[in-house]
Amino acid sequence: MSDEKQTGMPLHFRILIALVIGTVVGIAINPGAINLPDEQIAAELEIQANESGTDQTVDIKESTGFESIRRRFQSREKLNAALPQGSAGVTASGFPASMIAVTERAVHIVEAAGSITIDYTRKHNGQPVATTLKVGAASELPEHWREFHSKHGGGTKRMLSAVAKYGGDLFLRLLKMITVPLIVTSLITGVAGLNNTSSFGAMFSRTLIYYGITSMLAITTGLLIVNLVQPGIGADLPGGTEAVLAGGEQTLSGILLGLIDNMIPTNPLLALVDSNFLSIITFSIIFGVFIVRTGGETARVLREFFQATFDVMMRLTMAIISLAPLGVFCFMVYATSSQGLAIFGTLAWYMLAVFLALAVHAGITLPLIVKFVAKRSPVEFARAMSPALMTAFSTASSNGTLPLTMTCVEERANVPNRISSFVLPLGATINMDGTALYEAVAVLFIAQAYHGDVSIASQIVVAITALLASVGAAGIPHAGLVMMAIVLQAVNLPLEAQGIIIAVDRVLDMCRTSVNVWSDSCGCAVIAGMDNSASDVVE
Ligand code: ASP
């Protein structure tokens, strides 16, 4: 790659170094649970106390775990009843003045850790009152609390973490900026470059078969390992938290029909504007096929136009990709500095089961397929794909990584564009081995925690719904967690159970996204290996 020549160090090494340094810096600046300066809290409390006309003060002791304050104080009446005699009562927001300050501070932490419990001593009329305050996800909290947070969110460490997130997001924006034009020009160039469209049909069916088989293999691996490790047996899941994610209202048939609807855009321009990948893919393929069918001068002009646009897009992509080490560094700082560390203990076995299953699929199953079906060295192929895999790991977005995946597959792994331009965008949308595996492990973990052993029949339902959920999940961070509602619903598990696993989702998301991208890339190698239509390409 040209940028490698400039700096002398291969891109994947630079990304790896950025990843390691970002992790170390992130851990070093992890602000922990409480980090608002004491003076700030004291000042805030003073204001609150003056407003409420009492002498309440708060002394925060520690913070761990989470639940929802709303469960405890759902109404103003309940809240008033819970307050000590003679306290100020509730404010307009429905919470006592003294609690607001504490909760604002909690919001500050919730945004980073996803959850919080604060044990604190409140002085009421000179008497200490021990209280536990529990807060759910930041997104559940009233707007004015979040405003408070953005106004007063202090602490240098927190600021560094926020700056890192902003930097990472900028990199992701750049990648997203080029994704749609890259897919369109790449697909049309790829399909229009075929001399006859029947070779395209063969590639299409092979790709779908590859996606189906590898996703089912991933799910089977997940089920085997979760039955072996049994992470849910004896796990103490807090019952009925309120951290329920959207998406539970979707049914299986709804997802399937939605996918088919998505494949046929009523307005292709709208699909482009909305970045609706499935619609864009279908329309670009149809357009490319009809360029071939039209033939003659028209086809020549259009081929040249799209090829030229595609060349420009590739140059632009390479330029943006040279910033990958910076983006990866920022994301790693953010991920490691914002993750609450205490939760890792509670969910250690669950995380281990997910890691193990992902490792088996990515490290054994897929390499065997690359070796025996694609007839390539899996190690060399993985080395070629490493910049994309590390970017997938740090961004947790296969859509975001797509431009990099395409570049690596074509430039470093020498897969022809007519294959990668079709296999990769489709794969980023519907082929998610890591997500499918993760859905299966997570739901069985929850099922084990609630019910002990899980019947084979239920496990089959989990397997099928996990496949559909992975097909329906978008290639963006945490999409798999949102789609999990479908699998939970299919086996009658409470959606609330997701509450506990949200806290560690980011790190698992990073791993499963790398596996998603790795599987798509291996798909390219397999289809290229089986492809004997090189002579069909228009030179
Ligand atoms: N983040 C994953 C991806 O982009 C999807 C998921 O949440 O599982 O591939």
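Residues numbered from 1 in each chain as written. Predicted model: local features only at pLDDT ≥ 70, side-chain atom pairs only at ≥ 80, totals over all residues. Heavy atoms only, no water.

Visitor: Explain the overall build of the chain residue by residue, including any values.
Guide: In terms of helices and strands, the chain carries 24 helices and three strands. Buried residues in the chain amount to 54% of all 539 residues. Excluding contacts between residues fewer than 6 apart, the proportion of contacts in the chain whose partners are at least 24 apart in sequence is 83%. A total of about 22500 Å² of accessible surface is found on the chain, and carbon and sulfur atoms cover 63% of it. (Helix = DSSP H or I, 4+ residues; strand = E, 2+ residues; numbered from the N terminus. Buried < 20%, exposed > 50% of the residue type's maximum accessible area, 1.4 Å probe, protein only. Contact = heavy atoms within 4.5 Å. Areas by Shrake-Rupley, 256 points an atom, 1.4 Å probe, with all protein chains shown as cover.)

Visitor: So, the nonpolar core: which residues are in play, and what are the values?
Guide: The biggest cluster of nonpolar side chains holds 120 residues, and the ones touching the most others in it are Tyr350, Tyr438, Met484 and Ile501. With 12 residues, the single largest contributor to this core is helix α8 (residues 156-192). Aside from chain neighbours lying at most four places away, what touches Tyr350 is Pro231, Tyr438, Ala442, Phe445, Ile501, Val504 and Leu508. (Core = buried A, V, L, I, M, F, W, Y, C linked by side-chain atoms within 4.5 Å.)

Visitor: Please give an account of the packing of aromatic side chains that cites residues and values.
Guide: Scanning all chains against the criterion turns up seven aromatic pairs. Judged by centre distance (5.7 Å) and plane angle (55 degrees), the rings of Phe204 and Phe422 are tilted. Of this pair, Phe204 sits in helix α9 (residues 198-229) while Phe422 is found in helix α19 (residues 417-430), placing the two residues 218 residues apart along the sequence. Taking relative accessible area as the criterion, Phe204 reaches 33% and is therefore assigned partly exposed. A relative accessible area of 1% means that Phe422 is categorised as buried. An aromatic cluster of three or more residues is present, and its members are Phe283, Phe287, Phe305 and Phe306. Positioned above the aromatic ring of Tyr334 is the side chain of Lys165, whose terminal nitrogen or guanidinium carbon lies 5.4 Å from the ring centre. It is Arg512 that lies over the ring of Tyr438; its NZ or CZ is 3.9 Å from the centre. (Phe/Tyr/Trp six-rings, centres within 6.5 Å; stacked < 30°, edge-to-face > 60°. Lys NZ or Arg CZ within 6 Å of the ring centre and 35° of its normal.)

Visitor: Let's hear about the environment of Phe422: which residues, and what values?
Guide: In the structure, Phe422 is positioned 219 residues away from Met203 in sequence and 8.9 Å away in space, judged by C-alpha atoms. Excluding residues that lie within four positions of it along the chain, Phe422 makes contacts with Leu187, Phe200, Met203, Phe204, Thr207 and Ile285.

Visitor: Outline the pattern of salt bridges, listing residues and values.
Guide: According to the stated counting rule, one finds four salt bridges in the structure shown. One salt bridge connects Asp169 with Lys165, and the closest N-O pair in it is separated by 2.8 Å. Placement of the pair is Asp169 and Lys165 together in helix α8, with a separation of four residues, close to one helical turn. In this structure Asp169 comes out as partly exposed when scored by relative accessible area, which is 27%. (Salt bridge = Lys/Arg side-chain N within 4 Å of Asp/Glu carboxyl O.)

Visitor: Tell me about the site of the ligand, residues and numbers included.
Guide: As a matter of local geometry, the ligand sits amid 16 residues, with Ser398, Thr435, Gly480, Asp509 and Arg512 nearest to it. Between the ligand and the protein, one listed contact pairs an oxygen atom with a side-chain N or O atom of Thr435 at 2.6 Å. Note that an oxygen atom of the ligand is positioned 2.7 Å from one of the backbone N or O atoms of Gly480. Burial of the ligand by the protein chains amounts to 100% of its free accessible area of 270 Å². Elements with a contribution of two residues or more to the shell around the ligand: α22 (479-490) and α24 (505-530). For the shell around the ligand, the element with the highest residue contribution is α24, accounting for four residues. For the shell around the ligand, the class distribution of residues is six nonpolar, eight polar and two charged. (Near = heavy atom within 4 Å. Polar contact = N/O pair within 3.5 Å; in protein donor to acceptor, adjacent residues only side chain to side chain. Nonpolar A, V, L, I, M, F, W, Y, C, P; charged D, E, K, R; others polar.)

Visitor: Before we move on, can you summarise the packing of helix α17 (residues 378-395) against α24 with the specific residues and values?
Guide: For the pair α17 and α24, interaxial distance at closest approach is 8 Å and the crossing angle is 145 degrees. Our pair here, α17 against α24, has a crossing hand that is right-handed. Packed against α17, whose contacting residues are Pro378, Phe381, Ala382, Met385, Ala388, Leu389, Ala392, Phe393, Ser394 and Thr395, the element α24 presents Arg506, Met510, Cys511, Thr513, Ser514, Val517, Trp518, Ser521, Cys522 and Ala525 at the interface. Residue composition of the contact of α17 with α24, grouped by class: 14 nonpolar, five polar and one charged. (Axes fitted to C-alpha atoms, helices over the stretch in contact; angles between N-to-C directions. Left-handed = near helix turned anticlockwise from the far one by under 90°.)

Visitor: Please give an account of the environment of Asp311 that cites residues and values.
Guide: Along the chain, the position of Asp311 falls in helix α13 (residues 296-321). With relative accessibility at 41%, the residue Asp311 sits in the partly exposed group. When the C-alpha positions of Asp311 and Leu182 are compared, they lie 9.6 Å apart, and in sequence the two are 129 residues distant.

Visitor: An account of unusual backbone geometry is needed here, citing residue identities and associated values.
Guide: Among all residues save glycine, negative phi is the norm, and among peptide bonds the norm is trans. Residue Gln230 is not a glycine yet carries a positive backbone phi of 50 degrees. Inspection of the secondary structure assignment puts Gln230 in the loop between α9 and α10 (252-263). Taking relative accessible area as the criterion, Gln230 reaches 30% and is therefore assigned partly exposed. The phi dihedral of Asn414 is positive, around 55 degrees, even though this residue is not glycine.

Visitor: Provide a residue-level description of the packing of helix α20 (residues 433-451) against helix α21 (residues 456-472), including the pertinent values.
Guide: As a packed pair, α20 and α21 sit with axes 8 Å apart at the nearest point and diverge in direction by 140 degrees. Taken together, the axes of α20 and α21 lie oblique to each other. Seen from above, α20 lies across α21 with right-handed handedness. Residues Thr435, Ala436, Glu439, Ala440, Val443 and Leu444 of α20 touch α21, and the partners they reach there are Gln459, Val462, Ala466, Ala469 and Ser470. Here the residues of the contact of α20 with α21 are counted per class, giving seven nonpolar, three polar and one charged. (Parallel < 35°, antiparallel > 145°, perpendicular 65-115°, else oblique.)

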